[in-house]
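A look at the structure
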Amino acid sequence: MQIVYIPSESMSVQGKKDEIYKRYGKDWNIREQGGGNGNWLLTGKSDVLVDGKSYRTFVLEHYGKSKLTAKLVDKFREDVANGKIKL
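What counts and what doesn't
Residues numbered from 1 in each chain as written. Predicted model: local features only at pLDDT ≥ 70, side-chain atom pairs only at ≥ 80, totals over all residues. Heavy atoms only, no water. 1 Å grid on protein atoms, 1.4 Å probe; cavity = no way out; pocket = protein on both sides within 12 Å on 5 of 7 lines; lining within 4 Å. Points joined across faces, edges and corners; volume = space filled by probe spheres on them. Helix = DSSP H or I, 4+ residues; strand = E, 2+ residues; numbered from the N terminus. Core = buried A, V, L, I, M, F, W, Y, C linked by side-chain atoms within 4.5 Å. Buried < 20%, exposed > 50% of the residue type's maximum accessible area, 1.4 Å probe, protein only. Contact = heavy atoms within 4.5 Å. Salt bridge = Lys/Arg side-chain N within 4 Å of Asp/Glu carboxyl O.

1. A look at the layout of surface pockets
- Its volume calculated, the largest pocket comes out at about 190 Å³.
- Tyr5, Ser8, Asn29, Thr43, Gly44, Lys45, Ser46, Arg56, Ser66, Lys67 and Leu68 are the residues that line the largest pocket.

Following this line, the structure appears as structure tokens:
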């Protein structure tokens, strides 16, 4: 079983609002930068993959957390290895 942590990422892009939401809206959180000058900040959430499948929601709910961190994923790995969590 392979458990992989994918850190969050961010990037700045330029363009019109509808183009940005059409291109990035599904995978990114989009915020406007500046005063309507066409600059946007895109942030992608961190994730934890178990054999290629996302377990982000499961891990956050299991530990009662709202933010997924590398340390939390390490604890998840440890709990899976010790048999505390069955997948």
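2. Quick word on unusual backbone geometry
- For Asp51, which is not a glycine, the phi torsion comes out positive at approximately 50°.
- Of note, Asp51 is situated in the loop between strand E5 (47-50) and strand E6 (53-54).

3. Concerning the nonpolar core
- Core analysis: the biggest nonpolar cluster contains 13 residues, and Ile3, Val48, Val59, Tyr63, Leu68, Leu72 and Phe76 have the highest contact counts within it.
- Listing elements by their share of this core, those giving two or more residues are E5, helix H2 (56-63) and helix H3 (70-81).
- By residue number, the principal contributor to this core is H3, which donates 4 residues.
- If sequence neighbours within four positions are ignored, Tyr63 has contacts with Leu72, Lys75, Phe76, Asp79 and Ile85.
- If you look at the next biggest cluster of nonpolar residues, it comprises 7 residues, including Val13, Ile30, Trp40 and Leu42.

4. Some points on the pattern of salt bridges
- Counted by the stated rule, this structure contains 2 salt bridges.
- Note that Asp74 is salt-bridged to Arg77, the shortest N-O span being 2.7 Å. With a gap of 3 residues between them, Asp74 and Arg77 both fall in helix H3, about one helical turn apart.
- Of the charged contacts in the structure, one is a salt bridge between Lys75 and Asp79, with a shortest N-O distance of 3.7 Å. In this pair, Lys75 and Asp79 both sit in helix H3, 4 residues apart, roughly one turn of the helix.
- Residue Lys75 is classed as partly exposed on the basis of its relative accessible area of 40%.
- For Asp79, a relative accessible area of 4% translates into the label buried.

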